[in-house]
Amino acid sequence: QRRYVEKPDISYSRIADRLKHSFRLLFKRRYGYSVLDYPLFEDSKVTQFDTLAIRGNYNDSWHHYEGRNVGERNFIRDEYSRRSQLAMGQPASHGTFVHLYLNGLYWGLYNICERPDDNFAASYFGGNQEDYDAISSGTRNTYQTQVKGGTKEAWEAMMALASQGGFRDNAR
């Protein structure tokens, strides 16, 4: 059974001996601007972002700590999946590849992308952030469902219906 947690477990990319780390940019008024207002993704109508992910694609790169199957690491799988979903006319977060420099130090090739959360939903589908629930499948090796925005009531109702075979019965 899935459970909900308030704070996610530490990401694998935060472990000190890992060679590459992912980042999240949060735009908050107390630090300056509350949003980034810039047309970051050329194929997107959205130009304001309060959060962006800067993904190191650690699991799909040559420097993965296990070192196995290095020749099978493709680095682009997630971005390819997002772009394919968009090309089929379905909603998906936008992304692009960038060379990342922090304080003049080169960190390497990264994938900057939108986080598909409640703000993302409001930006693309209309309404307010509070109108949407954002549920995550959890962090690596924990797989604990996490509420990222909104509540879990609709999610739990859907899961209960699915576990009772409700999707096979049109009357439900």
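Relevant structure appears above.
Residues numbered from 1 in each chain as written. Predicted model: local features only at pLDDT ≥ 70, side-chain atom pairs only at ≥ 80, totals over all residues. Heavy atoms only, no water.

1. Thoughts on the packing of aromatic side chains
Each aromatic ring pair is summarised here by two numbers: the centre-to-centre distance and the angle between the ring planes.
Okay, step 1: According to the stated counting rule, one finds five aromatic pairs in the structure shown.
Okay, step 2: Three or more aromatic residues joined by ring pairs make a cluster, and in this case those are Phe23, Trp107 and Tyr110. (Phe/Tyr/Trp six-rings, centres within 6.5 Å; stacked < 30°, edge-to-face > 60°.)

2. A look at the nonpolar core
Okay, step 1: In this structure, Phe41, Val46, Phe49, Leu52, Ile54, Leu100, Tyr110, Ile112, Phe120 and Tyr124 together form the largest nonpolar core, which totals 10 residues.
Okay, step 2: Secondary-structure elements contributing two or more residues to this core are strand E4 (51-55), strand E6 (105-114) and helix H2 (118-125).
Okay, step 3: Apart from residues no more than four positions distant in its own chain, Phe49 is found in contact with Phe27, Val35, Leu36, Tyr38, Leu40, Phe41 and Glu114. (Core = buried A, V, L, I, M, F, W, Y, C linked by side-chain atoms within 4.5 Å. Buried < 20%, exposed > 50% of the residue type's maximum accessible area, 1.4 Å probe, protein only. Helix = DSSP H or I, 4+ residues; strand = E, 2+ residues; numbered from the N terminus. Contact = heavy atoms within 4.5 Å.)

3. Brief notes about the environment of Phe120
Okay, step 1: Note on placement: Phe120 falls in helix H2.
Okay, step 2: Considered as a pair, Phe120 and Phe49 are 71 residues apart in the sequence and their alpha carbons are 8.4 Å apart.

4. As for the pattern of salt bridges
Okay, step 1: According to the stated counting rule, one finds three salt bridges in the structure shown.
Okay, step 2: Note that Arg82 and Glu79 form a salt bridge whose closest N and O atoms lie 2.7 Å from each other. Of this pair, Arg82 and Glu79 both sit in helix H1 (residues 77-87), three residues apart, roughly one helical turn. Both residues of the pair, Arg82 and Glu79, belong to the buried class.
Okay, step 3: As a salt-bridge pair, Arg83 and Glu79 come within 2.7 Å of each other at their nearest N and O atoms. (Salt bridge = Lys/Arg side-chain N within 4 Å of Asp/Glu carboxyl O.)

These values are about where atoms sit, not about what they do.
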